[in-house]
Every structure is written in structure tokens, then in C-alpha cells.
Amino acid sequence: MARSLNLEESCFLDQYGEQPLVTARFNFYPPCPRPDRILGVKPHADASAVTFLLQDKEVEGLQFLKDNEWFRVPISPHAHL
């Protein structure tokens, strides 16, 4: 994976070691009955090396912070984020 991202081949080994702990977490957020009353999830960072996200087909929600500015991630059907 490091090579495909044009990173040093050992960058993940250097960060996580030869035998990293591998865990998986699956979250499901059902449709909100009152979206007009919801502010969303507070800004946070995922504490993992890799996060896979299955986007909603209609609701844009993912954002990322770069240089103190929030950017929206557009919906990309059939993409792995």
C-alpha cells in the first residue's frame, strides 16, 4: 500500500511495527427522523491507519481539515474512500 501511495516502503512498518494490531469497526447510522434538528458529529480524527467509508447515495457528509479550512468531499458513486 505504501508503494501505491508513493511513500517509503517501510513507512507503515516504522509507524506501526512488524506485528500491528488489526481491528475493524462497523458503524451504521440510520436515517434521522428530524434532520432539521441535528448539527452533526463534532470534528474528529479516526485513530486508524486506514479508514474505509461507504458514502450515502444522496447526503454529502464527509469533510476534511487542511490548513485550518474544512473541505467537503463530494459523493463519488461506487468509489472507495
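Summarised in this report is the structure supplied together with it. Every value quoted in this text rests on a predicted model; they were computed, and no experiment measured them.

Cut-offs used in this document
- Residues numbered from 1 in each chain as written.
- Predicted model: local features only at pLDDT ≥ 70, side-chain atom pairs only at ≥ 80, totals over all residues.
- Heavy atoms only, no water.
- Salt bridge = Lys/Arg side-chain N within 4 Å of Asp/Glu carboxyl O.
- Buried < 20%, exposed > 50% of the residue type's maximum accessible area, 1.4 Å probe, protein only.
- Pairing = 2+ DSSP bridges.
- Helix = DSSP H or I, 4+ residues; strand = E, 2+ residues; numbered from the N terminus.
- Phe/Tyr/Trp six-rings, centres within 6.5 Å; stacked < 30°, edge-to-face > 60°.
- 1 Å grid on protein atoms, 1.4 Å probe; cavity = no way out; pocket = protein on both sides within 12 Å on 5 of 7 lines; lining within 4 Å.
- Points joined across faces, edges and corners; volume = space filled by probe spheres on them.
- Nonpolar A, V, L, I, M, F, W, Y, C, P; charged D, E, K, R; others polar.

### Section: the pattern of salt bridges
At step 1: Per the counting criterion, the structure on display carries two salt bridges.
At step 2: Between R3 and E9 there is a salt bridge whose closest N-O contact spans 3.3 Å.
At step 3: Exposure remark for E9: the relative accessible area of 57% places this residue in the exposed category.
At step 4: Its salt-bridge partner being D36, residue R34 comes within 3.2 Å of it at the nearest N-O pair.
At step 5: Relative accessible area serves as the criterion here: at 41%, R34 is assigned to the partly exposed category.

### Some points on the pairing of strand β1 (residues 63-66)
At step 1: For β1 and strand β2 (residues 69-72), the ladder comprises four bridges, and the chain directions are antiparallel. Across the sheet, L65 pairs through a bridge with W70, a residue of β2.
At step 2: Connecting β1 to the next strand, β2, in antiparallel fashion are two residues, including D67 with a positive phi near 55 degrees.

### Quick look at the environment of N68
At step 1: Within the secondary structure, N68 sits in the loop between β1 and β2.
At step 2: Remark: the alpha-carbon pair of N68 and P35, spanning 33 residues in sequence, is separated by 27 Å.

### A word on the packing of aromatic side chains
Aromatic rings considered in pairs are described by the distance between their centres and by the relative angle of their planes.
At step 1: One pass over the full model with this rule turns up one aromatic pair.
At step 2: A ring pair is formed by F64 and F71, whose centres lie 5.4 Å apart and whose planes are at 20 degrees; its orientation type is stacked.
At step 3: Judged by its relative accessible area of 40%, F64 is partly exposed.
At step 4: According to the relative accessible area criterion, F71 is partly exposed, its value standing at 31%.

### A word on the layout of surface pockets
At step 1: Size it by volume and the largest pocket reaches roughly 2700 Å³.
At step 2: Lining the largest pocket are 45 residues, and of these N27, Y29, H44, L53 and L62 lie nearest its centre.
At step 3: Put simply, the parts of the chain that give the lining of the largest pocket at least two residues each are β1 and β2.
At step 4: Among the residues making up the lining of the largest pocket, the classes are represented as 30 nonpolar, nine polar and six charged.

### Points about unusual backbone geometry
At step 1: Its identity as a non-glycine residue notwithstanding, N6 has a phi of 60 degrees, on the positive side.
At step 2: As for its placement among the helices and strands, N6 is situated in the segment before α1 (11-16).
At step 3: The exposure class assigned to N6 is exposed, which follows from its relative accessible area of 73%.
At step 4: Despite not being glycine, D67 has its phi angle at roughly 55 degrees, a positive value.
At step 5: Counting through the fold element by element, D67 comes out in the loop between β1 and β2.
At step 6: We classify D67 as exposed; its relative accessible area is 72%.

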